[in-house]
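Listed here are the chains, written in short residue letters.
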Amino acid sequence: MTKTDKLIFWGVLFVCAAFLLFSNIIFAKQAGKTVVVEIDGAQYASYNLAELTEEKTLEIQTEYGYQEIVLTKTSVTVTKSDCEDKSCLGTIEKQGELLICLPHKLLVKLEGDGEVDGVAY
Amino acid sequence: MRTKKLTMLSLLLATSLVIGFFESLLPVFSVLPGGKVGLANSVTMLVFCLFSFPEALVFGIMRSLLSAVLYSGFSAFFYSAAGTALSIFAMYMFGKTFKKSVSEIGLSVLGAVFFNIGQLTVACAVLETAEIFRYFPVLGVVSVFAGALTGYIAQTVLRYLSKQT
């Protein structure tokens, strides 16, 4: 392993770790307030979590596939998806967190205060 | 193409697909389709070092295509093809400039990082949002280690091979 190798290794590692720390400190993770669902780059639905009185399940069937998303006052969970790799399954709770299903071109993100209470397109 | 070269490349391609397949069976937390340690990339690295840029590029794209068809799911093709192309190009440019001072390990680390940059860029285009780049720091850290490991494997195999001839 040469000196240049080590330089590259530590250099890139440092830059990425710095970004990681930076984004965690600067963007203090607050609880998510609005959930936005985008499909193929276009907004599909958006909900204000605080307005929910009970758990809400979104059953989304698009030309790319089918998935189910459960919304609660404090979290958003992708519970089902018929994609191949299932890396989208999981829960997010904080602002800025994302759930992504690339085969379905699905993006679920949590944001701060939105302006709408509930919109479906 | 000489038959020997064609045969060798085909065998290496098959090897990389098998390695990739076994890796895909491991339940690893992956953000993007096919986000693994990428041990099969050590074979691509090997091709890159044994031959050159054009062979490695074609090899990489063939691997993306075949692995997508065989096990990773067709949508994975675009992401890994873009990533592979960018990564091989970056390694080639860097390798040409710093031929004396960099080894397979350093190049592989760069390759891994650029591979992820390529993947994220395509994902960004598909989802039409730059939000996906939020994943870059984490992917970057993982790819540095994965790249070093992959490069080390390729380097070891290369040294072994040169001792045989």
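In the block above lies the structure referred to throughout.
The following refers to the structure shown. (Residues numbered from 1 in each chain as written. Chains lettered and ligands numbered in written order. Predicted model: local features only at pLDDT ≥ 70, side-chain atom pairs only at ≥ 80, totals over all residues. Heavy atoms only, no water.)

## What to know about the overall build of chain A
What chain A contains, in helices and strands, is 1 helix and 9 strands. Ordered by position in the sequence, the α and β elements of chain A form the string α-β-β-β-β-β-β-β-β-β. What you see for chain A is a C-alpha radius of gyration of 18 Å, clearly larger than the 14 Å of a compact globule of 121 residues, by over 25%. When its C-alpha atoms are laid out on the principal axes, chain A stretches across 60 × 30 × 20 Å. Burial statistics for chain A: of 121 residues in total, 44% are counted as buried. In chain A, the share of contacts with a sequence separation of at least 24, taken over all contacts with a separation of at least 6, comes to 38%. For chain A, the exposed area adds up to about 6,600 Å²; of that, 55% sits on carbon and sulfur atoms. Side-chain charges in chain A split into 11 positive and 18 negative, and the spacing between the mean points of these groups amounts to 9 Å. (Helix = DSSP H or I, 4+ residues; strand = E, 2+ residues; numbered from the N terminus. Rg over C-alpha atoms; globule rule 2.2 N^0.38 Å. Buried < 20%, exposed > 50% of the residue type's maximum accessible area, 1.4 Å probe, protein only. Contact = heavy atoms within 4.5 Å. Areas by Shrake-Rupley, 256 points an atom, 1.4 Å probe, with all protein chains shown as cover. Lys, Arg positive; Asp, Glu negative; His and termini not counted. Charge placed at Lys NZ, Arg CZ, Asp CG, Glu CD.)

## Some remarks on unusual backbone geometry
For D40 of chain A, which is not glycine, the phi dihedral falls at a positive 55°. Using a relative accessible area of 29% as the deciding quantity, one classes D40 of chain A as partly exposed. The backbone phi angle of E128 of chain B is positive, close to 55°, even though this residue is not glycine. As for its position among the elements, E128 of chain B is in the loop between α5 (104–127) and α6 (136–164). Residue classification places E128 of chain B among the exposed residues on the basis of a relative accessible area of 54%.

## As for the interface of chain A and chain B
Taken together, the contacts link 28 residues of chain A with 36 residues of chain B. Interface area lost by chain A to chain B is led by I8, F9 and L102 of chain A, which between them contribute 22%. In this structure, the connection of chain A to chain B is made through 0 salt bridges. On inspection of chain A and its partner chain B, the count reaches 5 residue pairs in polar contact (both at pLDDT 80 or more). Counting only elements with at least two residues in the side of chain A that touches chain B, the list comes to α1 (3–26), β7 (98–101) and β8 (106–111) of chain A. (Buried area = accessible area lost by both parts, 1.4 Å probe. Salt bridge = Lys/Arg side-chain N within 4 Å of Asp/Glu carboxyl O. Polar contact = N/O pair within 3.5 Å; in protein donor to acceptor, adjacent residues only side chain to side chain.)

## A few points about the packing of aromatic side chains
One pass over the structure, following the stated rule, counts 10 aromatic pairs over all chains. Feature note: the residues F9 and W10 of chain A together with F145 of chain B constitute an aromatic cluster, connected by ring pairs. (Phe/Tyr/Trp six-rings, centres within 6.5 Å; stacked < 30°, edge-to-face > 60°.)

## Observations concerning α5 of chain B
Helix length check: α5 of chain B (24 residues) gives 34 Å between terminal C-alpha atoms against 34 Å at 1.5 Å per residue, within 8%. E128 of chain B lies just past α5 of chain B and shows a positive phi near 55°. (Expected span 1.5 Å × (residues − 1).)

## What about the nonpolar core?
One finds I100 of chain A together with F48, F59, I132, Y135 and V144 of chain B to be the most contacted residues of the largest nonpolar core, which totals 45 residues. Broken down by secondary-structure element, the contributors of at least two residues to this core are α1 and β7 of chain A together with α1 (3–25), α2 (41–50), α3 (53–72), α4 (76–97), α5 and α6 of chain B. When residues in this core are grouped by element, the largest group, 10 residues, is from α5 of chain B. Apart from the residues lying within four places of it in its own chain, the contact partners of F59 of chain B are L9, L12, L13, S16, V43, T44 and V47 of chain B. Ranked by size, the runner-up nonpolar core spans 21 residues in total, among them L71, C83, C88 and C101 of chain A. (Core = buried A, V, L, I, M, F, W, Y, C linked by side-chain atoms within 4.5 Å.)

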